[in-house]
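# What the coordinates show
So you can see what is in the structure, the chains are spelled out below.
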Amino acid sequence: MILEKLVIAVGILIAHFLNGSNLFEIGSAIKPDFMILLVLFFALRRGALYGLWIGFFGGLLTDSGLGGEITTTGNLVAYKIGLHSLTFCLIGYLVGKFARSAYHENYLSITIYSLLITFVTRVATYYLFTLFFHENMSYSLFFTSIFNALIAPAFFYALTWIYQLDHMGDA
């Protein structure tokens, strides 16, 4: 039980470092979001609570990488902690609770789920940024969603093998 949580925590760290690397970047704003794919994978495969807590901790780690910025009033430093965390944990919970029963583990299903969930998550996070801070013109909505949809089947296959989970049809 503890070993499983430790291996999942390592997966969260690896997804965070992959998000921060330029290894998969195409152009200036086209790169995948591995943390969303990790949250989606566990929400669909293990349920709402896994989606919730992996989304929360993965989102906190993603938020910690944003750093702070100096505000215009009072020269205070504002940190953007909680934006991704809120979005990822809500999406992880909702997908695990309501979309899991309609999920079929095949190429088309994985591609469509990752396209839609990535887009919804990115839009929600973008609006939180706009609401609490300022509009972020370099925040990619469409290209990240498409990139995630293209790599999601291979990513899900790799995670199934790494975490040694049975295929959904076999369970």
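Below or above, wherever it landed, is the structure these notes cover. Throughout, residues of each chain are indexed from 1 in the direction in which the sequence is written. At least 70 in pLDDT is required for a residue's local features to be given in this predicted model, at least 80 for side-chain atom pairs to be given and counted, and no such filter applies to totals for whole chains, interfaces and linings, which use all residues. Side-chain figures throughout are based on the complete set of non-hydrogen atoms in the structure, without hydrogens or water.

Before going further, it helps to examine the packing of helix α2 (residues 34-46) against helix α5 (residues 107-132). Following both chains from N to C, one finds α2 and α5 inclined at 120 degrees, their axes separated by 10 Å at the closest point. Here α2 lies oblique to α5, going by the angle between them. Considering only the axes of α2 and α5, their crossing is right-handed. The segment α2 lies against α5, with Ile 36, Leu 37, Leu 40 and Leu 44 engaging Tyr 113, Ser 114, Ile 117, Thr 118, Thr 121 and Arg 122. Residues were grouped as follows: Ala, Val, Leu, Ile, Met, Phe, Trp, Tyr, Cys and Pro as nonpolar; Asp, Glu, Lys and Arg as charged; and all remaining residues, including Gly, as polar. Residue composition of the contact of α2 with α5, by class: six nonpolar, three polar and one charged. Helix axes are fitted to C-alpha atoms over the stretch in contact, other axes to C-alpha atoms as well, and angles between N-to-C directions run from 0 to 180 degrees. Where helices and strands are cited, they refer to DSSP runs of H or I of at least four residues and of E of at least two residues respectively, numbered from the N terminus. In this scheme, roughly parallel covers angles under 35 degrees and roughly antiparallel covers those over 145, while 65 to 115 is roughly perpendicular and the rest are oblique. Left-handed describes a crossing in which the near helix is turned anticlockwise from the far one by less than a right angle; the clockwise case is right-handed. It only takes one pair of heavy atoms within 4.5 Å for two residues to be counted as in contact.

Moving on: the environment of Thr 121. If you trace the backbone, Thr 121 turns up in helix α5. Burial here depends on accessible area, computed with a 1.4 Å probe over protein chains only, as a share of the maximum for the residue type. Under 20% is buried, over 50% is exposed, and the range in between is partly exposed. Owing to a relative accessible area of 1%, Thr 121 belongs among the buried residues under this scheme. Each C-alpha atom, one on Thr 121 and one on Leu 90, is 9.3 Å from the other, the two residues being 31 residues apart in sequence.

Before going further, it helps to spend a moment on empty space enclosed by the protein. Cavity: a set of points on a 1 Å grid over the protein atoms alone where a 1.4 Å probe fits but cannot get out. Pocket: an open set with protein on both sides within 12 Å along at least five of seven lines, its lining residues, like those of a cavity, having an atom within 4 Å of a point. Grid points are joined across faces, edges and corners, and a volume is the space filled by probe spheres set on the points. Tallying each qualifying case throughout the model produces one cavity of 30 Å³ or more. Within this model, the largest cavity holds a volume of roughly 40 Å³. Together, Ile 36, Val 39, Leu 40, Phe 88, Ile 91, Gly 92, Ile 117 and Thr 121 line the largest cavity. Contributions of two or more residues to the lining of the largest cavity are made by α2, α4 (83-99) and α5. Across the lining of the largest cavity, the residue classes tally to six nonpolar, two polar and no charged.

Leu 38, Phe 42, Ile 54, Val 95 and Phe 156 are the most contacted members of the largest nonpolar core, which has 29 residues in total. No other element matches α2, which puts eleven residues into this core. Setting aside chain neighbours within four positions, we find Phe 156 in contact with Leu 37, Leu 40, Phe 41, Leu 44, Tyr 103 and Ile 110. Working definition of a nonpolar core: buried Ala, Val, Leu, Ile, Met, Phe, Trp, Tyr and Cys residues. They are joined through side-chain atoms within 4.5 Å. Residues Tyr 126, Leu 128, Tyr 139 and Leu 141 belong to the second largest nonpolar core, which totals six residues.

Gaps between atoms show up when a probe of the same size as a water molecule is rolled over them. The space that makes up the largest pocket amounts to roughly 510 Å³. As for the largest pocket, its lining consists of 21 residues, and the residues nearest its centre are Asn 19, Lys 31, Leu 66, Arg 122 and Tyr 139. Elements supplying a minimum of two residues to the lining of the largest pocket: α1 (2-20) and α5. Of the residues forming the lining of the largest pocket, the biggest block, three residues, is contributed by α1. Residue composition of the lining of the largest pocket, grouped by class: five nonpolar, eleven polar and five charged. Lining the second largest pocket we find Val 7, Val 10, Gly 11, Ile 14, Ala 15, Leu 18, Leu 38, Phe 155, Ala 158, Leu 159, Ile 162 and Tyr 163. Those elements that place two or more of their residues in the lining of the second largest pocket are α1 and α6 (142-162). Of all the elements, α1 adds the most residues to the lining of the second largest pocket, at six residues. Split by residue class, the lining of the second largest pocket holds eleven nonpolar, one polar and no charged.

The analysis is restricted to geometry; functional conclusions fall outside its scope.
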